[in-house]
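A structural walkthrough
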Protein chains: 2
Amino acid sequence: MTTRREISKDFLTDLRTAIASGDEKKAQALMEDLHAADIAEIYDEISTDEARFLYLLLDSEKAADTIAELDEDDREEFLESIPSEIIAQQFINEMDTDDAADVIADMSEKKKQEVLRHIEDIDHSGDIVDLLSYDEDTAGGLMAKELVVVNQSWSVLTCLKELGRQADDVDEVYYLYVVDDDRILKGLVSLKDLALSKNTTIINKIMERDIHYATVDDDAEEVAQIMQKYDLVAIPVVDAIGRLVGRITIDDVVDVIREEAERDYQLASGLTEDVEYSDNIYRNARARLPWLIIGLTGGVFGALILGRFESSLRIYPEMAFFIPLIAAMGGNVGIQSSAIIVQGLASNTLRLDGFVSKLSKDFAVAFINALILSLLIFVYNFFISDSFALTITVSTALMAVIIFASMFGTIIPILLNRFGADPALATGPFITTSNDIMGLLIYMLVGRMLYGVFA
Amino acid sequence: MTTRREISKDFLTDLRTAIASGDEKKAQALMEDLHAADIAEIYDEISTDEARFLYLLLDSEKAADTIAELDEDDREEFLESIPSEIIAQQFINEMDTDDAADVIADMSEKKKQEVLRHIEDIDHSGDIVDLLSYDEDTAGGLMAKELVVVNQSWSVLTCLKELGRQADDVDEVYYLYVVDDDRILKGLVSLKDLALSKNTTIINKIMERDIHYATVDDDAEEVAQIMQKYDLVAIPVVDAIGRLVGRITIDDVVDVIREEAERDYQLASGLTEDVEYSDNIYRNARARLPWLIIGLTGGVFGALILGRFESSLRIYPEMAFFIPLIAAMGGNVGIQSSAIIVQGLASNTLRLDGFVSKLSKDFAVAFINALILSLLIFVYNFFISDSFALTITVSTALMAVIIFASMFGTIIPILLNRFGADPALATGPFITTSNDIMGLLIYMLVGRMLYGVFA
């Protein structure tokens, strides 16, 4: 019995010592019983040469599973030096079609052709070629060809025999999919119902007809939403005319959900490419640089705007004190509004509200907060600052900046979404920087107007 | 056959008209075939009175499923006006134990007792009371009591009979769990293997022994990680001495994963409570206010710091131009570093690196970016600005601010995590505001030093 095995530092040291001394027995003993997902984690920590030593010790099924579990980058590096023939016969042969297609999709066109030619089972390579034709962000790109399919006219006994014949290829059987003679999907039968039915019963008497399915071109994220909403562990995929062509299992969908959430999080944190701590320094730096350069450019624009008001700043230098406050509040408020919209769009809970109703709701929220915050800063300045002009200017500008930034933060993701772009971009650098700059401009303009009146 | 049904505006209008005119037949016709998850979405859009009209039209199983699918807030509001007896007999009776425990856990102590007393099936209420004793963030809090359990000495035929007897209570059977006479978990059998084995085979000959399981006190997020890593659709849960007490299914874990990701995203976006666009204006405003108040306080501190340098700003007002740039860069860099660490901690990929190695890696990344950005702003100011002192000051300060903010952003989530707090707090308001302020201080101090030298 096992729970998760932690790959400890000591374990790694032992393993690397065994590899360094070429001690195959020791290495094999250490790796025994490890799940492919654990071995993939080990591969992530050791060099490609060490990984190559290890893979020769694995049986080919475990080796194939490990390859499927690896990070894309690690996998590419690892497979680069291995001949196409071995990749085809030792790895791809043993993989489910969806994993095989994912692995092959990352290869160069030349290597792809070589590997495909070397797959011995023509059905397997045919399935993989079929899968390669789908966009990876669609149901077709997510699905596997492995499933158990039975004809609606068969008896339970025939279905059980078919299950025995077909199930070898399928890791986890949740349902038998029922089709007609043209392979049009008609329904499904759970293994439970199959096991509990009489052998002579015809399958279309016990199958569920009112089932959820996806079509090959459906968006992967939409499929993920359906499977989440209806708590499905697997969903059949049909082609344009309703023929059963594959199935998507929940584990692949969990990855979609996680990756989508990570992408949004990275955007909101200013990381512009998919990056992990364990990536190298160069890649870590590169992922952070674009936002910082946009931020820097925004800062330069900010400096130019403030430069236009140099005379005001010379006469009222205390106005400069509140520049960070105004800029920070504009940026913060904008991100908050955008994030709420991004989440609402992702969870599909906004669709019944019109544009105007969204905007007026956001205006109300912004107005409440703007009023509270402006009052707070008014009271503070009223008692602390000598300048009533400053007190009025900061409060008024803050009010205007919060409302403006909030509306801007609401509108941009809605527009991005309407034009087919990822609304999460709104929480990224360009928009927040724009909000910072607009905030400054509003502040200085309000200042110029009000200082004349009150100073 | 169905894919997702969109709850359209027209559909809602029709339904509300039917409700308003008390047309039960029409309402029933509209709701026919709708999945409980869809009805829950409708409940989210209509008033409590309208919802009460509808629930009387549902059969009790669908009504119970709908209640289980509702948002916590909607549910509380809806159940408030319904007598405990009806809640117990119409809803809780029909629910799986995990859903029932979730629903009851949200009630007041008095209502909780009343509802529990009114559940007729003593086994069911006993199971629910058991589940209520676990913290909701543990495996015990996630699990359901419904599962199919067989004794290791039984034959396949006996197991099939037991499956027929027990399976009525269990929505989705993926595995039969195998225990000994003391109910100690020994292994599992997939339905596929059961269906394909001879009736006379003893179950412990075909069961898998090397299985993943969770213990009741395991952290929910850790269970989610294990199920993701090993692609499990269900995991058995044992008590402290290894007795089988429940199972967790992937749909509950998907919710954990999504909620965790949403919480991190909300923190990074400055939202301090779990809020959705569809929540009311007051709640939306309240979720945003705390960060804004902290930001405002940070801004006031920034103003105080700048006030200490008023004489410098009076002499060199052009220094004020670059205040937004410096403050924004400090905040941005800090969030980036924190987000990378937060993600690494969440995906458990950092554990093999020590504190010092993390810090030196982050230093290298920060140094590269600081160098590039400082050079860019140096070149810009060298050609644009009249003041060489300003040119030197901005570049030097930016370099220092980026490196400081990056280290700070790396250290804080690691420390939070070490002391058992949520590392994602580091991307929240307090830390980013601290970074803004420190950036200002560094800038003004560098300015004071360098202006003396170069001006």
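This part covers the overall build of chain A. For chain A, the count of helices and strands is 23 helices and six strands. Computed over C-alpha atoms, the radius of gyration of chain A comes to 30 Å, more than 25% over the 23 Å expected from 2.2 N^0.38 for 455 residues, which places it beyond the range of a compact globule. Overall, the C-alpha framework of chain A stretches about 95 × 65 × 45 Å when taken along its three principal axes. Every one of the 455 residues in chain A was classed for burial, and the buried ones make up 47%. A separation threshold of at least 6 residues defines the contact pool for chain A, and within that pool the share at least 24 residues apart is 71%.

A word on the confidence of the model for chain A. In the predicted model, chain A carries a mean pLDDT of 87, and 97% of its residues have values of at least 70. Overall fold confidence for the complex sits at a pTM of 0.81, while the interface term, ipTM, reaches 0.80.

You can overlay chain B on chain A at an RMSD of 0.1 Å; the transform is a turn of 180° with a shift of 0.0 Å along its axis. Put plainly, the chains are arranged around a two-fold axis. Of the residues that chain B buries at the interface, 100% are likewise interface residues in chain A, meaning the two copies contact each other through the same surface.

What follows concerns the sheet that holds strand β3 (residues 185-190) of chain A. Residue and element names in this part refer to chain A. In spatial order, the strands read β1-β2-β3; together these three strands make up an open sheet with mixed pairing. Looking at the sheet topology across the chains shown, the edges are occupied by β1 (149-151) and β3. Between one strand and the next, the sheet's axes are offset by a mean angle of 35°, whatever the strand orientation. Strand direction decides the pairing type here: strand β2 (residues 175-179) and β3, joined by five bridges, are antiparallel. In the strand pairing of β3, L176 is matched with V189.

With that out of the way, let us pick up the domain arrangement of chain A. Once the domains are mapped, chain A shows domain 1 (9-138), domain 2 (149-250) and domain 3 (281-454). The C-alpha-based centres of domain 1 of chain A and domain 3 of chain A are spaced at 49 Å.

Formed by 153 residues in total, the largest nonpolar core has its most connected members in L176 and V223 of chain A together with L176 and V223 of chain B. Excluding residues within four positions of it along the chain, V223 of chain B makes contact with A139, L142, A214, D218, I235, I248 and V253 of chain B. Grouped together as the second largest cluster of nonpolar side chains are 89 residues, V365 and L440 of chain A together with A285 and V401 of chain B included.

When two helices pack together, their arrangement is captured by the angle between the axes and the distance separating the axes. Residues and elements named next belong to chain A. At a closest axis distance of 8 Å, the pairing of helix α21 (residues 355-384) and helix α22 (residues 388-418) adopts a crossing angle of 155°. Considering the angle they form, α21 stands roughly antiparallel to α22. Handedness of the crossing formed by α21 with α22: right-handed. Partitioned by chemical class, the residues of the contact of α21 with α22 number 18 nonpolar, seven polar and two charged.

On to helix α7 (residues 84-91) of chain A. Residues spaced three or four apart along an α-helix point in a common direction, a consequence of the helix completing one turn every 3.6 residues. All names here are of chain A. Among the residues of α7, I87, A88 and F91 are the ones counted as buried. Buried residues of α7, seen end-on, are gathered within an arc of 115° and therefore sit on one face of the element. Of the surrounding elements, those touching the buried residues of α7 are α5 (60-69), α6 (72-80) and α9 (109-118).

This part is about the interface of chain B and chain A. The interface of chain B with chain A comprises 102 residues on the first partner and 102 residues on the second. The leading source of residues in the side of chain B that touches chain A is helix α17 (residues 281-308) of chain B, at 16 residues.

Moving on, we come to the sheet that holds strand β6 (residues 244-249) of chain B. Through backbone hydrogen bonds, the strands of a sheet pair up, either in parallel or in antiparallel fashion. Residues and elements named next belong to chain B. An order of β4-β5-β6 is seen for the three strands of this open sheet, with the pairing classed as mixed. Since the sheet does not close on itself, it has two edges, and those belong to β4 (214-215) and β6, each with one partner. Packed onto the sheet, helix α16 (residues 250-268) meets β5 (234-238) and β6 and runs at close to 60° relative to β6.

All right, on to unusual backbone geometry then. All names here are of chain A. A positive phi is found at R183, a non-glycine position, where the angle reads about 65°. Take R183: it is sitting in the loop between β2 and β3. We classify R183 as partly exposed; it has 17 C-beta atoms within 10 Å.

All names here are of chain B. With eight of nine residues buried, helix α8 (residues 97-105) lies mostly within the body of the structure. Those residues of α8 lying buried are T97, D98, D99, A100, A101, D102, V103 and I104. Here the buried face of α8 lies against α5 (60-69), α6 (72-80), α9 (109-118), α10 (122-132) and α16.

Another point: the pairing of β6 of chain B. All names here are of chain B. With respect to burial, β6 is a largely interior element, six of its six residues being buried. For β5 and β6, the ladder comprises five bridges, and the chain directions are antiparallel. Paired with P236 across the strands is R247, a residue of β6. Hairpin geometry of β5 and β6 is characterised by an intervening segment of five residues between the two adjacent antiparallel strands and by a positive phi of about 90° at G242.

Once that is clear, we can look at the environment of I411 of chain A. Mapped onto the elements, I411 of chain A comes out in helix α22. In this structure, the C-alpha to C-alpha distance between I411 of chain A and M107 of chain A, residues 304 residues apart in sequence, is 41 Å.

Residue and element names in this part refer to chain A. In this fold, I87 is placed in helix α7. In the structure, I87 is positioned 32 residues away from I119 in sequence and 9.0 Å away in space, judged by C-alpha atoms. If we skip the residues at most four places from it in the chain, I87 touches L79, I82, I92 and V115.

All names here are of chain A. It is at 8 Å that the axes of helix α3 (residues 36-45) and α5 come closest, and there the two elements cross at 60°. Accordingly, the angle class assigned to the pair α3 and α5 is oblique. Two packed elements cross with a definite hand, and for α3 against α5 that hand is right-handed. Seen from α3, the contacting residues are A36, A37, I39, A40 and Y43; seen from α5, they are K62, D65, T66 and E69.

Our focus in this paragraph is the environment of A397 of chain B. Residues and elements named next belong to chain B. Note on placement: A397 falls in helix α22 (residues 388-418). As a C-alpha pair, A397 and M444 span 47 residues in sequence and 8.3 Å in three-dimensional space. Discounting chain neighbours no more than four positions away, the residues touching A397 are I326, I442, Y443, V446 and G447.

Conventions we followed
Residues numbered from 1 in each chain as written. Chains lettered and ligands numbered in written order. Predicted model: local features only at pLDDT ≥ 70, side-chain atom pairs only at ≥ 80, totals over all residues. Helix = DSSP H or I, 4+ residues; strand = E, 2+ residues; numbered from the N terminus. Rg over C-alpha atoms; globule rule 2.2 N^0.38 Å. Buried ≥ 20, exposed ≤ 12 C-beta atoms within 10 Å, placed from the backbone. Contact = placed C-beta atoms within 7 Å. pLDDT = per-residue confidence, 0-100. Least-squares fit on C-alpha atoms with pLDDT ≥ 70 in both. Pairing = 2+ DSSP bridges. Axes fitted to C-alpha atoms, helices over the stretch in contact; angles between N-to-C directions. Domains from an automatic or database assignment. Core = buried A, V, L, I, M, F, W, Y, C linked by C-beta atoms within 7 Å. Parallel < 35°, antiparallel > 145°, perpendicular 65-115°, else oblique. Left-handed = near helix turned anticlockwise from the far one by under 90°. Nonpolar A, V, L, I, M, F, W, Y, C, P; charged D, E, K, R; others polar. Arc of directions from axis to C-beta.

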